[in-house]
Amino acid sequence: MWPNLFQRTPKLDLDPERASQTYALFDNEQGYQAYARQCQQHFSGTLDPTPSLLQQQGVEHLRILNKPEAGAFLSRTLALTETATTNKPQIDYSDILIIRDKTFLHTWFQHIFQPALTAKLTNYFQSHFLIYWYTFLKAKPADQAVRSFLWHCDKGPTAHLKILLYLNDIQEHHGNTIFLDRTTTAKFATSGYVFGSVKKRTDDLTALAQQEHIPFHPLSWEMQAGEGVVFEPSQVLHRGQLPSTGFRYVLAFCLLPSPIPWDHAFSQNNYEGFRPDYTWHPHAKELMQAIPVST
Ligand SMILES: O=C(O)CCC(=O)C(=O)O
Ligand SMILES: [Fe+2]
């Protein structure tokens, strides 16, 4: 088929001020930078001075669980999850699966946050960290990408991370997540693409990259069950790639600095995230108050 040469590229919503305004909102006005510093002051452990790939480029591919463990977690979870709670299916084609068994969750999360991963995250934040929220997503095959499946950064503080743990092999679904590193993203932020309106997101940044002379080298991996990516969602552009041949099961974690280790924060918080609706505390001091820091 001939490409439609007359089709005009949709106009992107560009505003170069928007990225710095968004970072200032969370980091300064909403107190998340001061919160991160406070958490660092509470930390008395040792840190590794060698920068990880995560620190260098804002995204790193990881083996988190071995394949049998990932398979066991997935089948056990699917058996425990009676009903999939449909979350805005018209928006991002994902169901959120609710895991109610808290002992099961805690055991699995301890498996996931092994000492090596915990050390990497601690090195990144230079403090303890906590699970701000987690979500278990079942993305269904669909052909029109929207929202998370278009290039975007997540609004939020600079000091925050996301982990996407893939629980089944890419060969089962052909979905994925694609990233641009922090340096490339900063160039797109200067061009005004980052944090534009959801309606003006695009799945193809090559034309803007060419126009702005931005080297364009997206990063992605052939994700196998048990592999994951950890990334800076507010500082690296990313987009999901919709599954086409089966369900894509991903366990996602949103992580923030913490004055106490993640498992204390998690268990003291009734094995729940700190934001059931996935929004941000209006001010980070409200989060600090919600964390049981023993003095
Ligand atoms: O589903 C994906 O692969 C991307 C999800 C995403 O944008 C996010 O977790 O922030
Ligand atoms: Fe995102």
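What comes next is a walk through the structure. (Residues numbered from 1 in each chain as written. Chains lettered and ligands numbered in written order. Predicted model: local features only at pLDDT ≥ 70, side-chain atom pairs only at ≥ 80, totals over all residues.)

## A closer look at the overall build of the protein
On a plain count of helices and strands, the protein comes out with 12 helices and 9 strands. Computed over the C-alpha atoms, the radius of gyration of the protein is 19 Å, within 12% of the 19 Å expected from 2.2 N^0.38 for a compact globule of 295 residues. Taken over the C-alpha atoms alone, the protein extends approximately 65 × 45 × 35 Å along its principal axes. Relative to its full complement of 295 residues, the protein shows a buried share of 37%. (Helix = DSSP H or I, 4+ residues; strand = E, 2+ residues; numbered from the N terminus. Rg over C-alpha atoms; globule rule 2.2 N^0.38 Å. Buried ≥ 20, exposed ≤ 12 C-beta atoms within 10 Å, placed from the backbone.)

## Overview of the environment of Glu17
Turning to its location among the elements, Glu17 is positioned in helix α1 (residues 17-29). Judged by local crowding, Glu17 falls into the exposed class, with 9 C-beta atoms found within 10 Å. It is 8.4 Å that separates the C-alpha atoms of Glu17 and Ala189, two residues lying 172 residues apart in sequence.

## A look at the nonpolar core
By size, the foremost hydrophobic cluster in this structure holds 69 residues, and its most contacted members are Leu130, Ile131, Leu165, Leu167, Val194, Val250 and Leu255. Residues contacting Leu167, with those up to four places away along its chain left out, are Ala70, Phe73, Leu74, Ala225, Tyr249, Val250 and Leu251. (Core = buried A, V, L, I, M, F, W, Y, C linked by C-beta atoms within 7 Å. Contact = placed C-beta atoms within 7 Å.)

## Brief notes about helix α2 (residues 32-42)
Within the sequence span of α2, burial applies to Tyr32, Tyr35, Ala36 and Cys39. Mapping the buried residues of α2 onto a view down its axis gives an arc of 100°, with all of them on the same face. Those residues of α2 hidden inside the fold are in contact with α1, α7 (115-125), β4 (128-139), β9 (248-258) and α12 (284-290). (Arc of directions from axis to C-beta.)

## Some details on the site of ligand 1
In the region of ligand 1, the neighbouring residues are Ser148, Asp154, Lys162, Leu164, Thr177, Pro233, His238, Gly240 and Ala252. Of all the elements in the fold, those that place two or more residues in the shell around ligand 1 are β5 (161-166) and β8 (238-241). When grouped by side-chain class, the residues that make up the shell around ligand 1 number 3 nonpolar, 4 polar and 2 charged. (Near = placed C-beta within 6 Å. Nonpolar A, V, L, I, M, F, W, Y, C, P; charged D, E, K, R; others polar.)

## Re the pairing of strand β7 (residues 227-231)
The buried count for β7 comes to 5 of 5 residues, which makes it a mostly enclosed element. Going residue by residue along β7, you find Glu227, Val229 and Phe231 tucked away on one face and Gly228 and Val230 tucked away on the opposite face as well. Of the pairings in the sheet, the one linking strand β1 (residues 59-63) to β7 comprises 5 bridges and is antiparallel in character. Pairing of Leu62 across the sheet is with Gly228, part of β7. For β5 and β7, the ladder comprises 4 bridges, and the chain directions are antiparallel. By the bridge assignment for β7, Leu164 is matched with Val229. (Pairing = 2+ DSSP bridges.)

## Quick look at unusual backbone geometry
Not every positive phi belongs to a glycine, and Gln126 is a case in point at roughly 55°. Gln126 gets classed as partly exposed once you count the C-beta atoms within 10 Å, which come to 15.

## Let's talk about the environment of Ala186
Mapped onto the elements of the fold, Ala186 is located in helix α9 (residues 182-191). A tally of 18 C-beta atoms within 10 Å means that Ala186 is categorised as partly exposed. Taking the C-alpha atoms as reference, Ala186 lies 8.9 Å from Ala19; in sequence the two are 167 residues apart.

## With respect to the environment of His283
Note on placement: His283 falls in the loop between α11 (262-268) and α12. You can call His283 partly exposed: it has 15 C-beta atoms within 10 Å. Between the alpha carbons of His283 and Gly31 there is a distance of 5.9 Å; along the sequence they are 252 residues apart. Excluding its chain neighbours within four sequence positions, the residues that come into contact with His283 are Gln30 and Gly31.

It is worth stressing that arrangement in space is one thing and function is another; only the former is reported here.
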